[in-house]
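Descriptive structure summary
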Amino acid sequence: AAGIPVKERVKVSQNWRHGRCQRETVLKWKCNLMPWMELDDEYLYLSQAEDIHAYRVYPGGGGLQRHPQAIFSGHQEDVCRFVLVNSHIVSGGGDGNIVLHKIRGSYSFKFSAHEQEVNCVDFQGGLIVSGSRDRTAKVWSLSTGRVGQCLHTVQTEDRVWSIAISPLLSSFVTGTACCDHTSPLRIWDLESGQLLTCLGTDFHRGAGVLDVFYETPSLLLSCGYDTYIRYWDIRTSTRKCVQEWEEPHDSALYCIRSDKNHMIASGSSYYGVVRLWDKRQTRCLQSFHLSSPTSSPVYCLRFSTTHLYAALASALHVLDFTA
């Protein structure tokens, strides 16, 4: 929000609160995909089948150049998820591989990571963590001379849908399918690969966790098939979350993000529904239906201070709150 005049900031925050925005479909593609994206100050990175495309965001946010400035390839099958950290892209694909790209420059490195698709990855402090359909999570070194060396293999007994490294770089969380193991949210030690704790109790079978997001080393958001957003404070309790919000239409929640303050945005599994939540309230602030009459999940969403981007099966939508 730096550089935005106070009056403008107040207007924009009122627009978020009241759901006042201009909607635009900025990109469309022909066959249905499960896109993932990341956003920085200059570019929006969007996975399109086995490639990741970088689109320049116009100054002032919002508008995208329709043609990618760069394309990062290396996977033989679709990119499942990727992260953008310190000018590197780390992606996991349906081919079981992890690919590392340096954004500025041609350096890329690929290694075989899992026997089945790599559903999720994270990258911090010279380490990659990955989770797979093959019921393992793995920790990989990126230090010189050891790039792509597996440091730990964690048996999760369930397919891994989501993964995140704690900001303290001491542990990581896995979100699993909750089919064969009753605890879908578990925290593991990064150095030893040992289980540190399970979050929550009494999850129903199939209450898989599809997305996790660390706000701070002790505050964590999760969402998934059981239609709840949960807010965990690891300092106070690992058994009970400190707050939870229920998706009002009983839809699975595919993705979640927060501004690390009061606002949360979630993406639902039907009709491209994006919801905005205020942590101080129990009910959802605003909802936007981005795909009707056909139904698509919101596979990924990201937002800046002024714009929200939502990736659906066949299009990328932008909500502009400066209007």
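Taking an unreviewed UniProt entry as the reference, the chain is identified by name as FBXW4 protein belonging to Heliornis fulica.

With respect to the overall build of the chain
Summing up its helical and strand segments, the chain has 1 helix and 28 strands in all. Its C-alpha atoms give the chain a radius of gyration of 19 Å, within 12% of the compact-globule value 20 Å for 323 residues. Expressed along its principal axes, the backbone C-alpha trace of the chain runs to roughly 50 × 45 × 40 Å. Buried residues in the chain amount to 55% of all 323 residues. With an accessible surface of roughly 14,500 Å², the chain has 48% of that area assigned to carbon and sulfur atoms. Computed over 32 positive and 32 negative side-chain charges, the inter-centroid distance for the chain is 6 Å.

Some remarks on the UniProt feature "repeat: WD" (unreviewed entry) in the chain
In this numbering, the UniProt entry assigns the feature "repeat: WD" (unreviewed entry) to residues 111-146. Spanning residues 111-146, this segment combines 0% helix with 58% strand, and its end C-alpha atoms are found 12 Å apart.

Quick word on the pattern of salt bridges
Under the defined criterion, the tally for this structure stands at 14 salt bridges. As a salt-bridge pair, Glu 24 and Arg 66 come within 3.1 Å of each other at their nearest N and O atoms. Taken as a pair, Glu 24 in strand β1 (residues 22-28) and Arg 66 in the loop between β4 (51-56) and β5 (70-72) lie far apart in primary sequence, 42 residues in all. A salt bridge links Asp 211 to Arg 81; its shortest N-O distance comes to 3.7 Å. Residue Asp 211 is located in strand β18 (residues 209-214), and its partner Arg 81 is located in strand β6 (residues 79-85); the two are separated by 130 residues in the primary sequence. Taken as a pair, Asp 211 and Arg 81 share a single burial class, namely buried. Through salt bridges with shared partners, one network takes in Arg 17, Asp 278 and Arg 280.

A few points about the pairing of strand β16 (residues 185-189)
Residues in a regular strand point their side chains to alternate faces of the sheet. Counting buried residues in β16 gives 4 out of 5 residues, a clear majority hidden from the surface. Taken together, the 5 bridges between strand β15 (residues 171-176) and β16 define a ladder with antiparallel strand orientation. The residue bridging Val 173 from the neighbouring strand is Ile 187, located in β16. Pairing analysis gives 3 bridges linking β16 to strand β17 (residues 195-198), with the strands arranged antiparallel. Considered in β17, the bridge of Arg 186 is made with Cys 198.

Things to note about the state of the cysteines
Tallied over the full model, the rule gives 0 disulfides. Note on Cys 80: no disulfide assigned, nearest cysteine sulfur contributed by Cys 120 at a separation of 9.0 Å. Residue Cys 80 is classed as partly exposed on the basis of its relative accessible area of 21%. With no disulfide of its own, Cys 198 lies 11 Å from the sulfur of Cys 178, the closest cysteine sulfur. Judged by relative accessible area, Cys 198 falls into the partly exposed class, the value being 28%.

Things to note about the side chain of Ser 218
Mapped onto the secondary structure, Ser 218 falls in the loop between β18 and β19 (219-224). The exposure class of Ser 218 is buried, given its relative accessible area of 13%. Within the structure, the side chain of Ser 218 is placed 3.3 Å from the side chain of Arg 235, a separation counted as a polar contact. Among all residues touching Ser 218, those that are not within four sequence positions of it are Trp 232, Asp 233, Ile 234 and Arg 235.

What about helix α1 (residues 6-18)?
Compared with an ideal rise of 1.5 Å per residue, which puts 13 residues at 18 Å, α1 spans 18 Å between its outermost C-alpha atoms and is within 8% of the ideal. In the stretch just after α1, Gly 19 is the one whose phi turns positive, near 75 degrees.

Structural notes on the packing of aromatic side chains
Evaluation of the coordinates by the stated rule reveals 9 aromatic pairs. Ring geometry for Tyr 43 against Tyr 45: centres 6.1 Å apart, planes inclined by 50 degrees, an arrangement best described as tilted. Consider the rings of Phe 111 and Trp 140, whose centres lie 4.9 Å apart with planes at 55 degrees: the pair is tilted. On the criterion of sequence distance, the pair formed by Phe 111 in strand β9 (residues 108-112) and Trp 140 in strand β12 (residues 136-141) is long-range, its members being 29 residues apart.

Analysis parameters
Residues numbered from 1 in each chain as written. Predicted model: local features only at pLDDT ≥ 70, side-chain atom pairs only at ≥ 80, totals over all residues. Heavy atoms only, no water. Helix = DSSP H or I, 4+ residues; strand = E, 2+ residues; numbered from the N terminus. Rg over C-alpha atoms; globule rule 2.2 N^0.38 Å. Buried < 20%, exposed > 50% of the residue type's maximum accessible area, 1.4 Å probe, protein only. Areas by Shrake-Rupley, 256 points an atom, 1.4 Å probe, with all protein chains shown as cover. Lys, Arg positive; Asp, Glu negative; His and termini not counted. Charge placed at Lys NZ, Arg CZ, Asp CG, Glu CD. UniProt positions renumbered as here; feature names shortened; annotations may be inferred. Salt bridge = Lys/Arg side-chain N within 4 Å of Asp/Glu carboxyl O. Pairing = 2+ DSSP bridges. Disulfide = S-S within 2.5 Å. Polar contact = N/O pair within 3.5 Å; in protein donor to acceptor, adjacent residues only side chain to side chain. Contact = heavy atoms within 4.5 Å. Expected span 1.5 Å × (residues − 1). Phe/Tyr/Trp six-rings, centres within 6.5 Å; stacked < 30°, edge-to-face > 60°.

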